[in-house]
Structure formats: structure tokens, C-alpha cells
Amino acid sequence: DNLRAPFHEDEEVVTHQCVNKCGASRAPGPVVDRNGVRHEQGWCHGNTVVDTAGQESDVELSRYVNALCLPREECERLCTKLETCHSFDMHRQFPRCYLNT
């Protein structure tokens, strides 16, 4: 099972949840999240979907999705930090992971 990111007691997990970290920004280049923190493009790259009209949306990464937008090393560090995390799954292309309980 995935660790429930939106409801986790560790603030770092909630902060790095893709929907919180990447917000609704669609601008190329650096991204500023909802908390005013600047992230390089790669952190949120690939975490939106393009519909048939060419419009981007984050439908797949709603507030209830447990995806974290972090590079592999940070996912591993966060999993090691949390007592309830036993492993993590990493996206093959994008800096996105799921922590497993």
C-alpha cells in the first residue's frame, strides 16, 4: 500500500505531494509552488496531462493522489526517515515516487 501523502503527519510528505508542490503552474522553466518556493522545471515536469484540445491539467494528480514530486535520492532519504515506510516506487521517466507502507 502507498503511504497516504495528503493526510500524513510529517509535514515534509505533505509538502512534496505533487499537487501541493507543483500547483497549477503551467509556465516553462522554474516553478513557484503554492507556498512561494521556487523549484526547477524538472521537479514538476511530466506531472500534468494534455487533453485532446491541447490544454494541460493535473487531473491525474489530484489532492488524493499519493505521488511525491522528488528525485530518487530524496524519495529514498524520506523513506528512510519515516518509520512506516518500507520501500518506494519510482516513475521511470519523471521525478515522481510513491512511498510504500
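Computed from a predicted model, the values in this text were never measured in an experiment. Within any chain, residue numbers begin from 1 and follow the written order of that chain's sequence. Only residues with pLDDT of at least 70 are given local features in this predicted model, and only at 80 or more are side-chain atom pairs given and counted; all residues enter the totals for whole chains, interfaces and linings. Derived side-chain values reflect all non-hydrogen atoms in the structure, with water molecules and hydrogen atoms excluded from consideration.

(A) Expanded view of the overall build of the chain. Helix numbers and strand numbers start at the N terminus; a helix is a DSSP run of H or I with at least 4 residues, a strand a run of E with at least 2. When helices and strands are counted, the chain shows 4 helices and 6 strands. Beginning at the N terminus, the succession of helices and strands in the chain can be written as α-α-β-β-α-β-β-α-β-β. Classification of the 101 residues of the chain by burial places 38% in the buried group. Shrake-Rupley sampling with a 1.4 Å probe provides the accessible areas, and residues are treated as covered by the protein chains on show and by no other component. Carbon and sulfur atoms make up 48% of the accessible area of the chain, which amounts to about 6,300 Å² in all. Burial classes follow relative accessibility: with a 1.4 Å probe on protein chains only, a residue under 20% of its type's maximum area counts as buried, one over 50% as exposed, and anything between as partly exposed.

(B) View of the nonpolar core. Throughout this description, the term nonpolar core refers to a set of buried Ala, Val, Leu, Ile, Met, Phe, Trp, Tyr and Cys residues connected via side-chain atoms within 4.5 Å. Among the nonpolar cores identified, the biggest contains 13 residues, and Val13, Leu68, Leu78, Leu82, Phe88, Cys97 and Leu99 are the most heavily contacted of them. If you list the elements that add at least two residues to this core, you get α4 (72-81) and β6 (97-100). The element contributing the most residues to this core is α4, with 3 residues. Throughout, a contact is declared for two residues whenever any of their heavy atoms are within 4.5 Å. Beyond its immediate sequence surroundings of up to four residues, Leu68 is in contact with Ala5, Val13, His16, Gln17, Cys18, Leu78, Pro95, Arg96, Cys97 and Leu99.

(C) Looking closely at the pattern of salt bridges. A pairing counts as a salt bridge when a side-chain nitrogen of Lys or Arg comes within 4 Å of a carboxyl oxygen of Asp or Glu. Taken as a whole and judged by the stated rule, the model has 4 salt bridges. Glu12 serves as the salt-bridge partner of Lys81, at 2.7 Å between the closest nitrogen and oxygen. Placement of the pair is Lys81 in helix α4 and Glu12 in helix α1 (residues 11-16), with a sequence separation of 69 residues. Arg77 is paired through a salt bridge with Glu74; the nearest N and O atoms lie 2.9 Å apart. Of this pair, Arg77 and Glu74 both sit in helix α4, 3 residues apart, roughly one helical turn. Using a relative accessible area of 35% as the deciding quantity, one classes Arg77 as partly exposed.

(D) Seen up close, the state of the cysteines. Any cysteine sulfur atom paired with another within 2.5 Å is treated as part of a disulfide. According to the stated counting rule, one finds 3 disulfides in the structure shown. Shown here is the disulfide that connects Cys18 with Cys69, its sulfur atoms set 2.1 Å apart. Taking the torsion about the S-S bond as the criterion, the Cys18 to Cys69 disulfide, at about 115°, is right-handed. Placement of the pair is Cys18 in helix α2 (residues 18-22) and Cys69 in the loop between β4 (56-57) and α4, with a sequence separation of 51 residues. When sorted by exposure, Cys18 lands in the same class as Cys69, which is buried. The disulfide that involves Cys75 links it to Cys97, with 2.0 Å between the sulfurs. Its torsion about the S-S bond being -95°, the disulfide of Cys75 and Cys97 is classed as left-handed. Taken together, the residues span a long stretch of sequence, with Cys75 in helix α4 and Cys97 in strand β6 at a distance of 22 residues.

(E) Inspection of the pairing of β6 at higher detail. Strands qualify as paired when DSSP identifies two bridges or more between them. Bridging between strand β5 (residues 87-90) and β6 involves 4 bridges; their strand directions are antiparallel. Bridging from a neighbouring strand, Met90 pairs with Cys97 of β6. Between β5 and the antiparallel strand that follows it, β6, lie 6 residues.

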